[in-house]
Structure formats: C-alpha cells, structure tokens
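Here is how the chains run, residue by residue.
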Amino acid sequence: MSKERNGFGVRLKKLRKNAGMTQNQLADKLNKSGSAVRMWELGSNEPDINTLVEISSIFDCSLDYLMCRDALLGKEGAVRTNIPVYRLSEYENGGEPDYYKSILPEYLDTGFTYIMLKNDARGLAPLIPAGALVLIRLQPSCLHGQTVLFKLHGKIYLKKISYYDGGMIFTGSFPDSEPIIADSSEDDLEIFGVAVEYSLNL
C-alpha cells in the first residue's frame, strides 16, 4: 500500500476520534480485535484491502485519503480528486480538514476551488439541515439571494444574503434566527464563498 510512513495510522486515529468511536468499537464494526486497530494506528501493522474498503465506508472517506495518495500527489493532485471536509463550527480558512471526499466530475476544471462543510447540530446554518454536507465554491464575492459562507466579528456563518442600499442582511430560515446586518464598509466581514449544493448523502 502506497503511503507515507504511518500516515494511514495517523489518519485512522483522527477519523475514529472525530466519529467519537473507541478502538474497540471500531474493531467490533470490522469484526477485528481491539489490538488489531491499536497496531494499525501505531503503524505496526496494516489492514488488508477488504478491511480498507470497510473503513472507508464507515468513515465516508476515500481510499485515496486512507492510503495517503493526496500527500504523495501533492496539493494539486489532491485538489483535482478530493475536496477537504470541515465542520462548520470549526472552519478556519486554510485550517486542517477532518477528512477528504471525492469531488464530483462536474466541478473539476472550472477554475474554482471547493471545500465541503459538515453542518453541526448547533444550528449555525439554519438554511441547511443538521448533518448535511455543503459544497462551497470559494470566491470573495456573491450575488443577492445566494447562501454565503462568511466570517463576521470572529464567528463563522452560512446564511442567505440580501443587499440593500448601503449594506447587507444575512438571514436564516428559522423564525427565531436573528438576521445579521452588515454595512458595506464593514472591515471585519470576510466572505469565503457560496454554497452550490448540499446533500445528506453527497
């Protein structure tokens, strides 16, 4: 298996912890022993290809990611075949992604870079169902009516934008979701990009 030294073990441990799973719980799902999972994470042993396929299914990640092909191909290779997945509440521009997901063919060679966000259950993106994956096209501008990923006063939001004379209103779909009003000259506003689609099973 082509991978950087113990890269698989590091990624497996991160995926497992992100899923809130113990080594024994993962082992049970794979019909393996807890010691087998420990050895994989330590880099002392490697799973067979059938087990790798099961692991990729459990954590909804690509085999390329598990096998560290993106690290070997470099950033350009990774961007062309995979997009990073961030949790919305923890997203930082250029931060470390939770995992990678294969990008759909229609988004390749468009001149844009994409990321995917996983909406958490705390209602930070009321337009998007909790647990959904949201594909974001990274761009510094947006149009009236688009759902926008932006940062304001240090917080990250994903809301629909409406323009009015001299400013912008960002709204969600919940009745108790307070609109966010920003002046067009707001220095602390940073637009990361716009949502192009979302799905619970993208």
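Cut-offs used in this document
- Residues numbered from 1 in each chain as written.
- Predicted model: local features only at pLDDT ≥ 70, side-chain atom pairs only at ≥ 80, totals over all residues.
- Heavy atoms only, no water.
- Helix = DSSP H or I, 4+ residues; strand = E, 2+ residues; numbered from the N terminus.
- Buried < 20%, exposed > 50% of the residue type's maximum accessible area, 1.4 Å probe, protein only.
- Core = buried A, V, L, I, M, F, W, Y, C linked by side-chain atoms within 4.5 Å.
- Contact = heavy atoms within 4.5 Å.
- Axes fitted to C-alpha atoms, helices over the stretch in contact; angles between N-to-C directions.
- Left-handed = near helix turned anticlockwise from the far one by under 90°.
- Nonpolar A, V, L, I, M, F, W, Y, C, P; charged D, E, K, R; others polar.
- Salt bridge = Lys/Arg side-chain N within 4 Å of Asp/Glu carboxyl O.
- Arc of directions from axis to C-beta.

Draft legend 1. Just unusual backbone geometry, in detail. Phi at asparagine 31 takes a positive value of approximately 55°, unusual for a residue other than glycine. With respect to the element layout, asparagine 31 can be found in the loop between α2 (23–30) and α3 (34–42). For asparagine 31, a relative accessible area of 71% translates into the label exposed. The residue histidine 153 is not glycine, and still its phi comes out positive at about 55°. Structurally, histidine 153 is set in the loop between β5 (147–152) and β6 (155–164).

Draft legend 2. Spotlight on the nonpolar core. One finds Trp40, Ile55 and Phe59 to be the most contacted residues of the largest nonpolar core, which totals 27 residues. Apart from residues no more than four positions distant in its own chain, phenylalanine 59 is found in contact with Leu12, Leu15, Arg16, Ala19, Met21, Leu26 and Tyr99. The next biggest cluster of nonpolar side chains, apart from the first, holds 13 residues, and it includes Cys142, Tyr157, Ile180 and Leu189.

Draft legend 3. Spatial organisation of the environment of glutamate 54. Positionally, glutamate 54 belongs in helix α4 (residues 49–59). For glutamate 54, a relative accessible area of 35% puts it in the partly exposed group. Residues glutamate 54 and leucine 30 lie 24 residues apart in sequence; the distance between their C-alpha atoms is 7.2 Å. Once residues within four sequence positions are removed from consideration, glutamate 54 is found in contact with Lys29 and Leu30.

Draft legend 4. Layout of the packing of helix α1 (residues 7–18) against α4. Between α1 and α4, the least distance of the axes is 11 Å, while the angle of their chain directions is 35°. Regarding α1 and α4, the two cross each other, and that crossing is left-handed. Contacts from Phe8, Leu12, Leu15 and Arg16 of α1 reach α4 at Leu52, Ile55 and Phe59. Per-class residue counts for the contact of α1 with α4 are six nonpolar, no polar and one charged.

Draft legend 5. Main features of the pattern of salt bridges. Tallied over the entire structure, the rule returns three salt bridges. Close ionic contact of lysine 14 with glutamate 96 constitutes a salt bridge, the shortest N to O distance being 3.5 Å. One end of the pair, lysine 14, is in helix α1; the other, glutamate 96, is in the loop between β1 (82–87) and β2 (99–102), and 82 residues separate them in sequence. In this structure glutamate 96 comes out as exposed when scored by relative accessible area, which is 63%.

Draft legend 6. Focus on α2. Residues of α2 that are buried include every one of Gln23, Leu26, Ala27 and Leu30, and no others. All buried residues of α2 project into a common sector of 100° when viewed along the axis, lining one side. Seen from the buried face of α2, the exposed residues on the opposite side, beyond 90 degrees, are Asp28 and Lys29. Next to the buried residues of α2 lie α1, α3 and α4. Trailing α2 by a residue or two, asparagine 31 shows a phi angle of about 55°, which is positive.

These values are about where atoms sit, not about what they do.
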